[in-house]
Amino acid sequence: MAKERFEGVLGGLYSRNEIFLVSSAMIFICSVFIGYAFSGVLEPILTNIFGEFKSNVSKGILNLDTVSLLTHNLTIILMMYFGGILFGLGTAYFLIYYGLFLGYAGSQYELGYFIMSVIPHGVFEIIGFIIVGASGFRLANILINIMKGSLKLQPDFNMANQFKFLLEVNYDDFKDSLIMMGIAIVLICIAAIIEANFTPGWIEYMQNVV
């Protein structure tokens, strides 16, 4: 019974937010593809960013322990979520940016090796990014609906009550955005734990095998 109820909740969450989840996934996946396929064109922009990232890791400025990775990734998803306040443009920007970065990073290594190296934590991290992207787009949709509704408020009636009703109408959608944000946080936490504690050993194993 509990399992069926849980599956029903997730199914309902997906169906209500399908367009946002699909849009987020398409933006991120297309950005990864573009970052990889057009790495030569994007090199003037991304080579410095990627080089700085590698330098920060080697110098210890960006640590790869659980807490540091968790803090870094949580900061990213918070920016992606609240980017929805800018009518979703902020959310789209971060999805594109990190998609391009991931694709470009993949072009700097042998593709099979790169994929095998990032799979352990990447599955959770990428799904987390896509879900939080959807929550950011949902947040943008809520703000747009409130703005559109505000334009239809009737001056002959109590404005406070009308605006309160407008917020109540969008409450369930806001709750959906927070639930998706919570799911993304859980996935990002799992990804950070795996990346810090399992991925290094996995990469070393892959290097010995390959």
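The structure displayed is predicted, hence computed values, not measured ones. (Residues numbered from 1 in each chain as written. Predicted model: local features only at pLDDT ≥ 70, side-chain atom pairs only at ≥ 80, totals over all residues. Heavy atoms only, no water.)

1. Considerations on the layout of surface pockets
Empty space among the atoms becomes apparent when a probe as large as a water molecule is rolled across them. Heads up, the condition is: A pocket, in this scheme, is an open set of points on a 1 Å grid over the protein atoms alone with protein on both sides within 12 Å along at least 5 of 7 lines, while a cavity is a set where a 1.4 Å probe fits but cannot get out; residues line either one if an atom lies within 4 Å of a point. Grid points are joined across faces, edges and corners, and a volume is the space filled by probe spheres set on the points. Under the DSSP-based scheme used, a helix requires at least four consecutive residues in state H or I and a strand at least two consecutive residues in state E, with every element numbered from the N terminus. Residues are grouped as follows: nonpolar covers Ala, Val, Leu, Ile, Met, Phe, Trp, Tyr, Cys and Pro; charged covers Asp, Glu, Lys and Arg; every other residue, Gly included, is treated as polar.
Taken as a whole, the largest pocket holds about 1300 Å³ of empty space. For the lining of the largest pocket, the secondary structure elements donating two or more residues are α2 (18-37), α3 (39-59), α4 (66-82), α5 (89-107), α6 (111-150) and α9 (199-209). The element that contributes the greatest number of residues to the lining of the largest pocket is α6, accounting for 13 residues. Partitioned by chemical class, the residues of the lining of the largest pocket number 29 nonpolar, 9 polar and 4 charged.

2. So, the environment of S117
Going by this rule: Think of it in three bands: with a 1.4 Å probe and only protein chains considered, a residue is buried below 20% of the maximum accessible area for its type, exposed above 50%, and partly exposed in between. Two N or O atoms count as a polar contact when they lie within 3.5 Å, although within protein this holds only if one can serve as hydrogen donor and the other as acceptor, and sequence-adjacent residues are included solely when both atoms are side-chain atoms.
Along the chain, S117 falls in helix α6. We classify S117 as buried; its relative accessible area is 6%. As a C-alpha pair, S117 and W202 span 85 residues in sequence and 7.1 Å in three-dimensional space. A distance of 2.7 Å separates a polar atom in the side chain of S117 from the backbone oxygen of Y113.

3. Some remarks on the side chain of H121
Applied cut-off: Contacts between residues were defined by any pair of non-hydrogen atoms, one from each residue, lying within 4.5 Å.
With respect to the element layout, H121 can be found in helix α6. Judged by its relative accessible area of 8%, H121 is buried. Here H121 is in contact with A191, I194, E195 and T199, once residues within four sequence places are set aside.

4. Quick word on the nonpolar core
Here is the rule we go by: Throughout, nonpolar core names a set of buried Ala, Val, Leu, Ile, Met, Phe, Trp, Tyr and Cys residues whose side chains join them through atoms within 4.5 Å.
Membership of the largest hydrophobic core comes to 24 residues, with the highest contact counts inside it found for I77, M80, F129, I131, V132 and M180. Looking at which element gives the most residues to this core, the answer is α6, with 7 residues. Among residues more than four places away in sequence, those in contact with V132 are I77, M80, Y81, M181 and A184. Core analysis: the second largest hydrophobic core is formed by 8 residues, L42, F50, Y104 and F114 among them.

5. Quick notes on the environment of L21
Locating L21 in the fold gives a position in helix α2. Taking the relative accessible area as the measure of exposure, L21 reaches 14% and is therefore buried. Distance in space between the C-alpha atoms of L21 and I131 is 6.3 Å, their sequence separation being 110 residues.

6. Some words on the side chain of D173
Its place among the elements puts D173 in helix α8 (residues 171-197). For D173, the residues in contact, after removing those within four places along its chain, are R138 and I142.

7. Describing a nonpolar patch on the surface
The condition is simple: Exposure above 30% relative accessible area and no salt bridge define the residues that can form patches, which grow by joining like charges within 9 Å and nonpolar side chains of Val, Leu, Ile, Met, Phe, Trp and Tyr within 5 Å. The accessible surface values rely on the Shrake-Rupley method and a 1.4 Å probe; as for residues, cover is taken only from the protein chains in view. Any Lys or Arg side-chain nitrogen found within 4 Å of a carboxyl oxygen on Asp or Glu counts as a salt bridge.
Taken together, Y36, L111, I115, M116, I119, V123 and I127 make up a surface patch of nonpolar side chains, about 540 Å² in accessible area. Element by element, the count of residues in the nonpolar patch is highest for α6, at 6 residues. With respect to the helices and strands, the residue I119 is situated in helix α6.

8. A look at the pattern of salt bridges
In the structure shown here, the tally under the stated rule is 3 salt bridges. A salt bridge links D176 to R16; the shortest N-O distance between them is 2.8 Å. One end of the pair, D176, is in helix α8; the other, R16, is in helix α1 (residues 2-16), and 160 residues separate them in sequence. The exposure class of R16 is partly exposed, given its relative accessible area of 44%. A salt bridge links K175 to D172; its shortest N-O distance comes to 4.0 Å. Taken as a pair, K175 and D172 lie in helix α8 at a separation of 3 residues, close to a single helical turn.

9. Describing the confidence of the model for the protein
Predicted coordinates in regions of low pLDDT should not be interpreted in detail. To keep things clear, this is the line we draw: What pLDDT conveys is the predictor's confidence in a given residue, as a value from 0 to 100.
In the predicted model, the protein carries a mean pLDDT of 88, and 93% of its residues have values of at least 70. The least confident element of the protein, judged by mean pLDDT, is α1 at 76; the most confident is α2 at 96.

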